[in-house]
Amino acid sequence: MLYSDIFEETFFSLSANKSRSALTVLGIVIGIASVIAMISVGQGSAKSITDRVSSLGTNLLTITPGSQRGQMVRGGMGSAQTLILDDALAIKQIGGIDYVAPTVSSRKQITVKGSNTNSSVTGIDSEYFPLRNIELEVGGNFTEMQFKSKNKVVILGPTTRDTLFGENVDPVGQKIRIDGQEFTVVGVTKAKGGTGMGSMDDLVYVPLGTAQQYITGNNRLNNISVQVSKANLMSSVQAEITALLLERHKISDAINADFSIMNQADMLSTMTEVTDTMTMLLAAIAGISLIVGGIGIMNMMLTTVTERTREIGLRKSLGATNEEVTAQFLSEAVTLTFFGGVIGVAVGWLASWMMKTFFSITTAMTLGSVLLSFGVAAIIGIVFGYYPARKAAKLDPIDALRYQ
């Protein structure tokens, strides 16, 4: 049998029952569209997290108080109070470091002219903004005098600004109250978005000394961020910082360290593993609908074989071989899958675009996800179409002609 004959017979057979063919194709469309949409959500989330973590700064080390093992006696990693400003000043003496930014933070109620919000007030020094790649939208940075004098001045994140004063309002020179204490707004940062660990836009920045005196009431630090000058120095600088802090805190055994150092690369790797797992889970869940679509193809083809038993008998009595009958029915199954795949890719792309446009969900369509979905669909069409095709090919011509 010529390929042109197979294509012609396939078109004729599928056209004979348009409703059944359309419903079968619909199952494949839903399956492929679901897989593509779910993978795009997972890959979009991974890209978003990667971009946002990278935007925090390159070659970053974050030192937090408390043991990494989260010892209860020390309050757990990040919740203890074992780091002080002198630790940060000592770290600045280590070679191969661009910036060292000690910070303190505390959530406080912030009010202004009847508006209020609950935000994190973060005390920073002059190296924090360069380290975090933070730029100002309006106003200016803290001056050296404001740092030294512990002035009550603040720089707002854009989300906090919008909540307190309204969208895109210039609040420079305005007064806000933090826990009843009056502060003057001197600037607003540019939007950076979330990082997977909260948003940098919903913050209020004050000079470090101001925060320690008026917000936290002590000289302890919540963390120290360190930007290493070169990526190949990360390990050596981390080791030097560890040795320095152990010596300063009079700890002889590193196992008993009262601080933890997190490498940005390690953090990014962990987040990537999580998002990859999530993407695989979403794809697996969506893939179930592809299996259901494959079962729909098998069901239709088995029904078709039953309805066309006499036709099969006539074909075989006229000399059609088992392979030709198999090819005929298998081509019908694959054709249904192909059309379902093409439409499914279009629907999946449209769903991905709509989620990004109307629901602000970060998505990322990739050629790999399309090829994967199409490949799986093709395999499903062949696998689920093969059994009905072989069943048709094995029919005895005489019995098939007698079939009523």
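Further up the page is the structure itself.
What comes next is a walk through the structure.

1. Structural notes on the overall build of the protein chain
Argument step 1. The secondary structure content of the protein chain amounts to 13 helices and 10 strands.
Argument step 2. A compact globule built from 404 residues should have a C-alpha radius of gyration of about 22 Å, whereas the protein chain, at 33 Å, is more than 25% larger.
Argument step 3. Across its three principal directions, the C-alpha atoms of the protein chain cover 100 × 55 × 35 Å.
Argument step 4. In the protein chain, buried positions account for 44% of the 404 residues.
Argument step 5. In the protein chain, once contacts between residues fewer than 6 apart in sequence are set aside, the share between residues at least 24 apart is 78%.
Argument step 6. Taken as a whole, the protein chain presents about 20,100 Å² of accessible surface, with 59% of it coming from carbon and sulfur.
Argument step 7. Side-chain charges in the protein chain split into 32 positive and 33 negative, and the spacing between the mean points of these groups amounts to 4 Å.

2. Side note on the environment of Ile30
Argument step 1. With respect to the helices and strands, Ile30 occurs in helix H2 (residues 18-55).
Argument step 2. Measuring from C-alpha to C-alpha, the distance between Ile30 and Ser289 comes to 6.9 Å, with 259 residues separating the pair along the chain.

3. A few points about the pattern of salt bridges
Argument step 1. Scanning all chains against the criterion turns up nine salt bridges.
Argument step 2. For Asp179, the salt bridge identified is with Lys108, shortest N-O distance 3.1 Å. With Asp179 in the loop between strand S6 (175-178) and strand S7 (181-189) and Lys108 in strand S2 (residues 97-112), the pair connects residues that are 71 residues apart, well separated along the chain.
Argument step 3. Taking the shortest distance from any N to any O, the salt bridge between Arg177 and Glu182 comes out at 3.8 Å.
Argument step 4. For Arg177, a relative accessible area of 38% puts it in the partly exposed group.
Argument step 5. Residue classification places Glu182 among the partly exposed residues on the basis of a relative accessible area of 41%.
Argument step 6. In this structure, a network of salt bridges that share partners links the residues Lys92, Asp125 and Glu127.

4. Digging into the packing of aromatic side chains
Argument step 1. With the rule as written, the count across this model stands at six aromatic pairs.
Argument step 2. Centre to centre, the rings of Tyr128 and Phe129 are 6.1 Å apart; their planes meet at 55°, and the pair counts as tilted. As far as the burial class goes, Tyr128 and Phe129 line up, both buried.
Argument step 3. Considering the side-chain rings of Phe129 and Tyr205, the 5.1 Å spacing of their centres and the 90° angle between planes classify their relative orientation as edge-to-face. Within this pair, whereas Phe129 is found in helix H4 (residues 128-132), its partner Tyr205 is found in strand S8 (residues 203-207), the two being separated by 76 residues in sequence.

The rules behind these values
Residues numbered from 1 in each chain as written. Predicted model: local features only at pLDDT ≥ 70, side-chain atom pairs only at ≥ 80, totals over all residues. Heavy atoms only, no water. Helix = DSSP H or I, 4+ residues; strand = E, 2+ residues; numbered from the N terminus. Rg over C-alpha atoms; globule rule 2.2 N^0.38 Å. Buried < 20%, exposed > 50% of the residue type's maximum accessible area, 1.4 Å probe, protein only. Contact = heavy atoms within 4.5 Å. Areas by Shrake-Rupley, 256 points an atom, 1.4 Å probe, with all protein chains shown as cover. Lys, Arg positive; Asp, Glu negative; His and termini not counted. Charge placed at Lys NZ, Arg CZ, Asp CG, Glu CD. Salt bridge = Lys/Arg side-chain N within 4 Å of Asp/Glu carboxyl O. Phe/Tyr/Trp six-rings, centres within 6.5 Å; stacked < 30°, edge-to-face > 60°.

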